Amino acid sequence: ITLCVSSFAGESAVPPNLLLPTNLVDPSRHRRPAPPPDTALPILRSCDTSLPAHLSPVRTWVQTLMNPSDEPLGLTELHPDVFAVPPRLDILHQVEIWQKNFKRISHAKTKVRSEVRGGGRKPWRQKGSGRARHGSIRSPLWRGGGVSHGPRGPTSYYYMLPMKVRVMGLKVALSSKLAQDYLHIVDSLDIPTPDPQYLTELIKQKHWGQSVLIVDVGEEFPENILKATEELKTVNIIPAMGLNVHSMLKHESLILTLETVRFLEEKLLWHDIRFSPLYPFKLPYSDI
Amino acid sequence: MSVSVCLRCSGLRGAVWSALRLRPPAPGSPCAAAGLRLFSAPAPGETRPSIEESTAEYKFVERLIPPSKVRHGAGKVSTGWVPPSPSPPDLPYMIRRSRMHNIPVYTDVTHGNRLITIVRKVEGDIWALEKDVKAFLKDVTGKDLPTQVNEVTMTLKVKGHFDRELKEWLLNKGF
């Protein structure tokens, strides 16, 4: 006896006026399984730095943006200390809240009883008038008086999390994206046309999600992809130096090129083996 | 002496120079025809060496700039440092070395009398590590020591100062 009958049996079973919530997991999203160990596809990139003996690299597919067809070009090996880090949600939260708040300057300011216009004179004599005793008409007790404990002037909420915590936040975000199948690796960002429609169709076909963040290393991007992403609100392109936890959480899926992966691994793994700074790292060291 | 003092005044200097006509002689002027030249200018047949910029001495400064990365641990050292075994031990957990290649066991003292030993950088089954640590410390001290496992940060805390014993034990295991 079948107790539960699936209403998603076919397209005809779905009523036309059905309103699905936007955060519902799309049942038609085809999850590509992780690459099996015996694939015929070549490994296009292996890890540059030596891995610890007890860890093995994570393997993912490498796709193209040129053909909308679904077949991957090859495999990449990703460093487990960047892309397979334990999911520290508390660090992710810390970094996200820091990113939101450290730029904040609240300009709220209220006038204190000394700043409100007037109120220097004693309104009536101390004794004998029958009314309560007051010293000025702008004390916080009075209507129109100053605020006693209000916001005072521009306040800054600036603070810096330790560098290693911010780096760990990036690693946790990348690992989470990979673990949830929202990370896709592409060989390069070449597109046949600068048409934004092409990109939206490609993303829909590949089931990459509602919003896409494209990351590339280098100061110059191919013109086609710049023009295509200019008009689109949900598809954004950033250089690798601009990668941050907030953008990664805001966009549903993340597209990295092979050079970006190499760059990120190099920069993020350096923090695991570096000394503490004798002088700021912006100044030259012998191996930076 | 007074003349030299006067010459140092910049206002007078220009007047003196132009009066003595100490600029290099123009090619068609009578001074050049007479064979007079400034001492600083080279003789007609003489070649003075041109200014050379050499970077040969930069190495003396470059060797003073410090490195930013910790070097890989050396093999045999007289300090008593033991390198980790090249193959990881066959246990359900793994304890990585710190960035200075040491065993990550640390001690802490709070309120003057609260002694705690912390084992950091644990990977894998931390509860198996806790069981082994409890058994080992039972052999060493004879007491059941309270321990705390933090699965989020993957650390193990033990009441008491046992850093020396735990470091030796982990070294013997091959971490």
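Residues numbered from 1 in each chain as written. Chains lettered and ligands numbered in written order. Predicted model: local features only at pLDDT ≥ 70, side-chain atom pairs only at ≥ 80, totals over all residues. Heavy atoms only, no water.

Scanning chain A from terminus to terminus reveals seven helices and nine strands. What you see for chain A is a C-alpha radius of gyration of 29 Å, clearly larger than the 19 Å of a compact globule of 288 residues, by over 25%. Taking the principal axes of the C-alpha coordinates as reference, chain A spans close to 100 × 65 × 45 Å. Looking at chain A residue by residue over its 288 residues, the buried ones come to 35%. Taking as baseline every contact in chain A between residues at least 6 positions apart, the subset at least 24 positions apart corresponds to 73%. Per element, the accessible surface of chain A, about 18,400 Å² overall, is 57% carbon and sulfur. (Helix = DSSP H or I, 4+ residues; strand = E, 2+ residues; numbered from the N terminus. Rg over C-alpha atoms; globule rule 2.2 N^0.38 Å. Buried < 20%, exposed > 50% of the residue type's maximum accessible area, 1.4 Å probe, protein only. Contact = heavy atoms within 4.5 Å. Areas by Shrake-Rupley, 256 points an atom, 1.4 Å probe, with all protein chains shown as cover.)

Moving on: the overall build of chain B. What chain B contains, in helices and strands, is six helices and six strands. Taken across its 175 residues, chain B has 23% of its residues classed as buried. Total accessible area on chain B is roughly 13,100 Å²; 58% of this is exposed by carbon and sulfur atoms.

A separate point is the environment of V112 of chain A. Residues and elements named next belong to chain A. Turning to its location among the elements, V112 is positioned in the loop between strand 4 (105-106) and strand 5 (155-156). Between the alpha carbons of V112 and P151 there is a distance of 9.8 Å; along the sequence they are 39 residues apart. Dropping the residues within four chain positions of it, V112 is found in contact with G146, V147 and R152.

What follows covers the sheet that holds strand 5 (residues 147-150) of chain B. Residues and elements named next belong to chain B. Strand order in the open sheet formed by four strands is 2-3-6-5, and the pairing between neighbours is antiparallel. Strands with a single pairing partner mark the edges of an open sheet, and in this sheet they are strand 2 (105-110) and strand 5. Between one strand and the next, the sheet's axes are offset by a mean angle of 20 degrees, whatever the strand orientation. Here strand 3 (residues 114-119) pairs with strand 6 (residues 155-159) via four bridges, running antiparallel. (Pairing = 2+ DSSP bridges. Axes fitted to C-alpha atoms, helices over the stretch in contact; angles between N-to-C directions.)

The probe, sized like a water molecule, is rolled over the atoms to show the empty space still left. Residue and element names in this part refer to chain B. Counted under the stated rule, the structure contains one cavity of 30 Å³ or more. Here the largest cavity defines a volume of roughly 40 Å³. Considering the residues around the largest cavity, the lining is formed by V133, K134, L137, K143, D144, L145, T147 and V158. It is helix 5 (residues 126-141) that contributes the most residues to the lining of the largest cavity, three residues altogether. Taken together, the residues of the lining of the largest cavity sort by class into four nonpolar, one polar and three charged. (1 Å grid on protein atoms, 1.4 Å probe; cavity = no way out; pocket = protein on both sides within 12 Å on 5 of 7 lines; lining within 4 Å. Points joined across faces, edges and corners; volume = space filled by probe spheres on them. Nonpolar A, V, L, I, M, F, W, Y, C, P; charged D, E, K, R; others polar.)

All right, on to the pattern of salt bridges then. On inspection of all chains with the given rule, the structure shows 14 salt bridges over all chains. Residue E46 of chain B is joined to R48 of chain B by a salt bridge in which the shortest nitrogen-to-oxygen separation is 3.0 Å. What makes E46 of chain B partly exposed here is its relative accessible area of 40%. Overall, the relative accessible area of 44% leaves R48 of chain B in the partly exposed class. Here the salt bridges share partners, and the residues they tie into one network are R45, D48 and E265 of chain A. (Salt bridge = Lys/Arg side-chain N within 4 Å of Asp/Glu carboxyl O.)

Another point: the packing of helix 5 of chain B against helix 6 (residues 163-173) of chain B. All names here are of chain B. Direction vectors running N to C along helix 5 and helix 6 enclose 120 degrees, while the axes themselves pass 11 Å from each other. Here helix 5 is positioned oblique relative to helix 6, judged by the angle of their axes. Judged by the sense of rotation from one axis to the other, the crossing of helix 5 with helix 6 is right-handed. Contact residues: helix 5 offers L129, D132, V133, F136 and V140, while helix 6 offers E165, L166, W169 and K173. Split into classes, the residues belonging to the contact of helix 5 with helix 6 amount to six nonpolar, no polar and three charged. (Parallel < 35°, antiparallel > 145°, perpendicular 65-115°, else oblique. Left-handed = near helix turned anticlockwise from the far one by under 90°.)

Residue and element names in this part refer to chain A. All chains considered together, the criterion is met by eight aromatic pairs over all chains. Ring geometry for W270 against F281: centres 4.9 Å apart, planes inclined by 80 degrees, an arrangement best described as edge-to-face. Highlighted residues: W270 in helix 7 (residues 258-273) and F281 in the segment after helix 7, separated in sequence by eleven residues. Across the pair, exposure class does not vary: W270 and F281 are buried alike. The structure contains a cluster of three or more aromatic residues connected by ring pairs, namely W270, Y279, F281 and Y285. Lying over the aromatic face of Y157, R104 brings its terminal NZ or CZ to 4.2 Å of the ring centre. Its end group placed over the ring of W270, R274 keeps NZ or CZ at 5.8 Å from the ring centre. (Phe/Tyr/Trp six-rings, centres within 6.5 Å; stacked < 30°, edge-to-face > 60°. Lys NZ or Arg CZ within 6 Å of the ring centre and 35° of its normal.)

A few words on the confidence of the model for chain A. On average, residues of chain A carry a pLDDT of 91, and 93% of them reach 70 or more. Per-element confidence in chain A is highest for helix 2 (residues 89-101) of chain A, whose mean pLDDT is 98, and lowest for strand 1 (residues 43-45) of chain A, whose mean pLDDT is 91. (pLDDT = per-residue confidence, 0-100.)

For the rest of this paragraph, the subject is the environment of E130 of chain B. Residues and elements named next belong to chain B. Within the secondary structure, E130 is located in helix 5. Residues E130 and S40, spaced 90 residues apart in sequence, show a C-alpha to C-alpha distance of 85 Å. If sequence neighbours within four positions are ignored, E130 has contacts with T147, V149 and L156.

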